[in-house]
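Inside the fold
In case you want the letters, here they are:
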Amino acid sequence: MRKIEKICVFCGPNPKKDTAYVNVAHNLGEVLAKRKIDLVYRGRSLGLIGYVSTAIAVQGGRVLGIVRSAFTVKNLVWKTCGKEIKVATMHERLLRMMELSNAFIALPSGFGTLEKLFQMISWAQLNIHGKFISALNINGFFNGLLSFIDHVVEQKFITQSAR
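Residues numbered from 1 in each chain as written. Predicted model: local features only at pLDDT ≥ 70, side-chain atom pairs only at ≥ 80, totals over all residues. Heavy atoms only, no water.

**Some thoughts on the nonpolar core**
What tends to happen in soluble globular proteins is that the nonpolar side chains get buried as a cluster. Our working rule: Nonpolar cores were defined as sets of buried Ala, Val, Leu, Ile, Met, Phe, Trp, Tyr and Cys residues, with membership established by side-chain atoms within 4.5 Å. The buried label goes to any residue with under 20% of its type's maximum accessible area, the exposed label to any with over 50%, and the partly exposed label to all in between, with areas taken from a 1.4 Å probe on protein chains only. The way it works is that DSSP assigns letters per residue, a run of H or I at least four long becomes a helix, a run of E at least two long becomes a strand, and they are numbered from the N terminus. Contacts between residues were defined by any pair of non-hydrogen atoms, one from each residue, lying within 4.5 Å.
In terms of nonpolar packing, the biggest core is built from 22 residues, with Val-9 and Val-52 touching the most fellow members. Where this core is concerned, the elements lending two or more residues are β1 (6–10), α1 (19–34), β2 (38–41), α2 (47–58) and β5 (103–106). The dominant element in this core, judged by the number of residues it contributes, is α1, at 6 residues. Not counting residues up to four positions away in its chain, the partners in contact with Val-52 are Ala-25, Leu-28, Gly-29, Leu-39 and Leu-107.

**Looking at the packing of α1 against α2**
For the record, the criterion: Angular values range over 0 to 180 degrees, each being the angle between N-to-C directions of two axes fitted as lines to C-alpha atoms, with helices fitted over their stretch in contact. In this scheme, roughly parallel covers angles under 35 degrees and roughly antiparallel covers those over 145, while 65 to 115 is roughly perpendicular and the rest are oblique. By convention, the crossing between two helices is left-handed when the near helix turns anticlockwise from the far helix through less than a right angle, and right-handed when the turn is clockwise. Gly counts as polar in this scheme, as do all residues outside two lists: the nonpolar Ala, Val, Leu, Ile, Met, Phe, Trp, Tyr, Cys and Pro, and the charged Asp, Glu, Lys and Arg.
Closest axis-to-axis distance for the α1/α2 pair is 7 Å, and the angle between their directions is 30°. The pairing of α1 with α2 is recorded here as roughly parallel in orientation. At the point where α1 passes α2, the crossing takes the right-handed sense. In this structure, α1 contributes Tyr-21, Val-22, Ala-25, His-26, Leu-28, Gly-29, Glu-30, Leu-32 and Ala-33 to the contact, and α2 contributes Leu-48, Tyr-51, Val-52, Ala-55 and Ile-56. Across the contact of α1 with α2, the residue classes break down as 11 nonpolar, 2 polar and 1 charged.

**Remarks on the sheet that holds β5**
In any sheet, the strands associate via hydrogen bonds between backbone groups, in a parallel or an antiparallel arrangement. Operational definition: Note: two strands are recorded as paired if DSSP finds a minimum of 2 bridges between them.
Taken in spatial order, the 6 strands of this open sheet run β4-β3-β2-β1-β5-β6, and their pairing is parallel. Sheet topology places β4 (83–87) and β6 (132–135) at the edges, where each strand pairs with a single neighbour. Strand-to-strand twist in this sheet, taken as the mean axis angle between neighbours without regard to direction, amounts to 20°. One ladder, built from 5 bridges, connects strand β3 (residues 63–68) with β4; its direction is parallel. The partner of Gly-65 across the bridge, within β4, is Glu-84. Contacts from α2 reach β1, β2 and β3, with the element oriented near 150° to β2. Against the sheet, helix α4 (residues 111–125) touches β1, β5 and β6, its axis set at about 150° to β6.

This is the structure:
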């Protein structure tokens, strides 16, 4: 098994008040920092990703935000905890996140997170990368998605091994 040195965390900027989500996000950041695993993420420190990135930064861990340049004008972005790399497009941002990470983990969030999660899965199927991909299923958040994926496997659109 390869050592994970840099993990890309996908989750959105929307604030979530449910303490279970907040606690897991904060604890994930602390665990990553204690294990000396760097964070690669989309930048900004809002919502659940803010709890992850801040917890890592407070513990002395390294944080790298990949930020789309258009989002940095007129103070549209809250400060990134750590270093930033600015990119021109969303595709370039995701590509850089993939290149700079050893693994990916998705936390509960919306369409953007799901899109990135499925893009990483698709790229793995195409042998663009062979990195670990996971989702934190806090309070059964991803249960419906997992049921859908099981249905897709049953219908033979994807293989069981791809699940």
